[in-house]
Amino acid sequence: MEIWINPACSKCRSAVTLLDAEGADYTVRRYLEDVPSEDEIKAVLDRLGLEPWDITRTQEDAAKALGLKEWPRDETSRDRWIAALAEHPRLIQRPIITADDGTAVVARTDEAVRDALSR
């Protein structure tokens with residue numbers, strides 16, 4: 001199990017605290033420092049069953065500068081969104097846990113973290 005975190009994020013810290021309390025075996029990826037490639041983002045999206053716009057933090061300054069809210073949300077624009085996430089990792093919703101069963105969850109709640117642990 002791996003968790004993508006921003007240590008400054010309270011939701012990330014909460015998820016890590018819960019993982020520790022449950023005695024989970026996991027690795028931490030500080031994705032702002034160890035930036036995921038486009039291929040890694042595609043793989044996580046596949047595991048999440050989501051599209052890139054579903055995990056994009058559109059209120060971030062970089063999103064506003066790029067005008068992401070106006071970008072089309074369709075298959076032809078998918079790679080453009082993924083490239084933006086790879087170039088501006090702060091736009092990636094967090095935390096993301098990749099579960100041992102090959103799935104993943106956006107773990108913004110205790111319930112989502114527990115869901116990842118049960119997989």
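A closer look at the overall build of the chain
Phase 1: On a plain count of helices and strands, the chain comes out with five helices and four strands.
Phase 2: Ordered by position in the sequence, the α and β elements of the chain form the string β-α-β-α-α-α-β-β-α.
Phase 3: Here the C-alpha atoms of the chain give a radius of gyration of 14 Å, agreeing with the 14 Å that 2.2 N^0.38 yields for 119 residues.
Phase 4: Counting only C-alpha atoms, the chain reaches 40 × 25 × 25 Å along its principal axes.
Phase 5: Per-residue burial for the chain yields a buried fraction of 45% across its 119 residues.
Phase 6: The contacts of the chain with a sequence gap of at least 6 include a subset with a gap of at least 24, amounting to 62%.
Phase 7: Taken as a whole, the chain presents about 6200 Å² of accessible surface, with 43% of it coming from carbon and sulfur.

Topic: the pattern of salt bridges
Phase 1: The tally for this structure, following the rule as stated, stands at six salt bridges.
Phase 2: Here Arg78 makes a salt bridge to Glu51, at a shortest N to O gap of 2.6 Å. Of this pair, Arg78 sits in helix α4 (residues 78–87) while Glu51 sits in the loop between α2 (38–48) and α3 (61–66), and the two are 27 residues apart along the sequence.
Phase 3: One salt-bridge network, in which partners are shared between bridges, spans Arg29, Asp34 and Glu40.

Quick look at the environment of Asp100
Phase 1: Of note, Asp100 is situated in the loop between β3 (96–98) and β4 (104–106).
Phase 2: The sequence separation of Asp100 and Glu2 amounts to 98 residues, and the corresponding C-alpha distance is 8.6 Å.
Phase 3: Engagement of the side chain of Asp100 in a polar contact is seen with the backbone nitrogen of Met1, the distance being 2.8 Å.

Cut-offs used in this document
- Residues numbered from 1 in each chain as written.
- Predicted model: local features only at pLDDT ≥ 70, side-chain atom pairs only at ≥ 80, totals over all residues.
- Heavy atoms only, no water.
- Helix = DSSP H or I, 4+ residues; strand = E, 2+ residues; numbered from the N terminus.
- Rg over C-alpha atoms; globule rule 2.2 N^0.38 Å.
- Buried < 20%, exposed > 50% of the residue type's maximum accessible area, 1.4 Å probe, protein only.
- Contact = heavy atoms within 4.5 Å.
- Areas by Shrake-Rupley, 256 points an atom, 1.4 Å probe, with all protein chains shown as cover.
- Salt bridge = Lys/Arg side-chain N within 4 Å of Asp/Glu carboxyl O.
- Polar contact = N/O pair within 3.5 Å; in protein donor to acceptor, adjacent residues only side chain to side chain.

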